[in-house]
Amino acid sequence: MLPRLLVANWKSNKTIEEARVWIEFVSQHLSTLRLPDDIRIVLCPPFTTLPLLKDYIVREHLPIALGAQDVSPFGKGAYTGEVNADMLKELVTFALVGHSERRKYFQETEEELAFESLQAREAGISVIYCVDNADAVVSDAAEYIAYEPVAAIGSGQSEDPQKANSVCETLYKRYDKPVCYGGSVDETNCALYMNTACIHGLLVGGASLDAERFCSMVEAISSQA
Ligand code: PGA
């Protein structure tokens with residue numbers, strides 16, 4: 001069985017200096033905690049902060065994996081502004097593909113997302129493929145699915161855990177891939193989602209930006225395991 005994930009998605013937030021402050025705080029806190037073996041913390045920060053975070057995580061032996069928030073659908077070459085999977089594999093082991101904000105603001109299509117997923121998988125990067133409903137199409141190249149109902153993202157209106165669990169169950173049965181839930185998850189509700197039968201991880205945006213709140217989530221999940 002693949003590990004359950006606690007994914008922090010920083011979106012377009014944090015300078016290198018702010019990332020350093022966050023990782024120092026989280027590092028201190030993690031040293032006082034026993035993380036269950038089946039839980040994996042995945043941090044998806046902006047590209048610019050990846051090298052600093054990677055160095056810090058390796059040096060301090062932190063139980064944190066890094067992920068990219070996006071990956072180019074192309075390989076290397078004349079694609080100005082793109083960051084491709086071969087570049088990313090030096091820094092990350094996971095990549096988010098198809099986040100609703102990529103679909104909405106950057107018009108990423110299902111076809112592009114399939115290429116992104118393939119590029120990542122060929123580079124050995126595990127894809128967390130984001131969808132917003134039970135009927136969504138998921139790339140074969142994905143390892144995890146993240147179910148994120150759009151109305152719940154960034155709104156403070158998280159979806160009812162039983163309803164989220166039932167969508168995750170449908171997706172799991174159809175694709176046989178573990179399914180995470182995302183959408184206004186925070187330190188007060190994370191354990192409720194992790195306690196359901198078919199939610200195999202969490203994708204956290206806003207509440208992951210604050211190191212203290214993020215540590216409270218790690219603690220809540222660890223203590224119920
Ligand atoms: P949120 O974002 O936790 O701020 O709702 C989740 C996401 O978009 O991944």
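To be clear, the structure that these remarks concern was listed above.
Description of the structure in this document. (Residues numbered from 1 in each chain as written. Predicted model: local features only at pLDDT ≥ 70, side-chain atom pairs only at ≥ 80, totals over all residues. Heavy atoms only, no water.)

If you look at the biggest cluster of nonpolar residues, it comprises 62 residues, and the most contacted ones within it are Ile64, Leu202 and Phe214. The element contributing the most residues to this core is helix 8 (residues 211-224), with six residues. Those residues in contact with Leu202 that lie beyond four places of it in its chain are Leu5, Leu6, Val7, Cys180, Tyr181, Val185, Cys190, Tyr193, Met194 and Ile221. Membership of the second largest hydrophobic core comes to 13 residues, among which are Val42, Ile128, Cys130 and Cys180. (Core = buried A, V, L, I, M, F, W, Y, C linked by side-chain atoms within 4.5 Å. Buried < 20%, exposed > 50% of the residue type's maximum accessible area, 1.4 Å probe, protein only. Helix = DSSP H or I, 4+ residues; strand = E, 2+ residues; numbered from the N terminus. Contact = heavy atoms within 4.5 Å.)

Strands pair in a sheet through their backbones, by hydrogen bonds, and they do so in one of two ways: parallel or antiparallel. Overall, parallel pairing links the eight strands, which are arranged 1-2-3-4-5-6-7-8 in a closed barrel. Neighbouring strand axes in the sheet, compared pairwise and without regard to direction, differ in orientation by 25 degrees on average. Taken together, the two bridges between strand 7 (residues 179-182) and strand 8 (residues 201-204) define a ladder with parallel strand orientation. Note on strand 8: the bridge partner recorded for Gly182 is Leu203. In this fold helix 2 (residues 50-59) packs onto strand 2 (39-44) and strand 3 (64-68), with an angle of close to 165 degrees to the strand it touches most, strand 3. (Pairing = 2+ DSSP bridges. Axes fitted to C-alpha atoms, helices over the stretch in contact; angles between N-to-C directions.)

What follows is about the pattern of salt bridges. Throughout the structure, instances matching the rule amount to twelve salt bridges. Lys163 is the salt-bridge partner of Glu159, the closest N and O atoms lying 3.6 Å from each other. Lys173 is the partner of Glu169 in a salt bridge, and the nearest nitrogen-oxygen pair spans 3.0 Å. Note that Glu169 and Lys173 are positioned in helix 6 (residues 161-175) at a spacing of four residues, about one turn of the helix. Shared partners join several salt bridges into a network, and the residues in it are Glu17, Arg20 and Glu24. (Salt bridge = Lys/Arg side-chain N within 4 Å of Asp/Glu carboxyl O.)

Position of Thr196 among the secondary structure elements: in the loop between helix 7 (190-194) and strand 8. Given a relative accessible area of 11%, Thr196 falls into the buried group. At 2.6 Å, the side chain of Thr196 and the backbone oxygen of Tyr193 are in polar contact. Once residues lying within four places of it in the same chain are set aside, the contact partners of Thr196 are Pro161, Gln162 and Asn165. (Polar contact = N/O pair within 3.5 Å; in protein donor to acceptor, adjacent residues only side chain to side chain.)

The geometry of helix 1 (residues 16-30) relative to helix 8 is characterised by a closest axis approach of 9 Å and an angle of 30 degrees between their N-to-C directions. Taken together, the axis directions place helix 1 and helix 8 in an arrangement best described as roughly parallel. Read as a crossing pair, helix 1 and helix 8 show a hand that is right-handed. The segment helix 1 lies against helix 8, with Trp22, Phe25, Val26, His29 and Leu30 engaging Ala211, Glu212, Phe214, Cys215, Val218 and Glu219. Classifying every residue of the contact of helix 1 with helix 8 by side-chain character gives eight nonpolar, one polar and two charged. (Parallel < 35°, antiparallel > 145°, perpendicular 65-115°, else oblique. Left-handed = near helix turned anticlockwise from the far one by under 90°. Nonpolar A, V, L, I, M, F, W, Y, C, P; charged D, E, K, R; others polar.)

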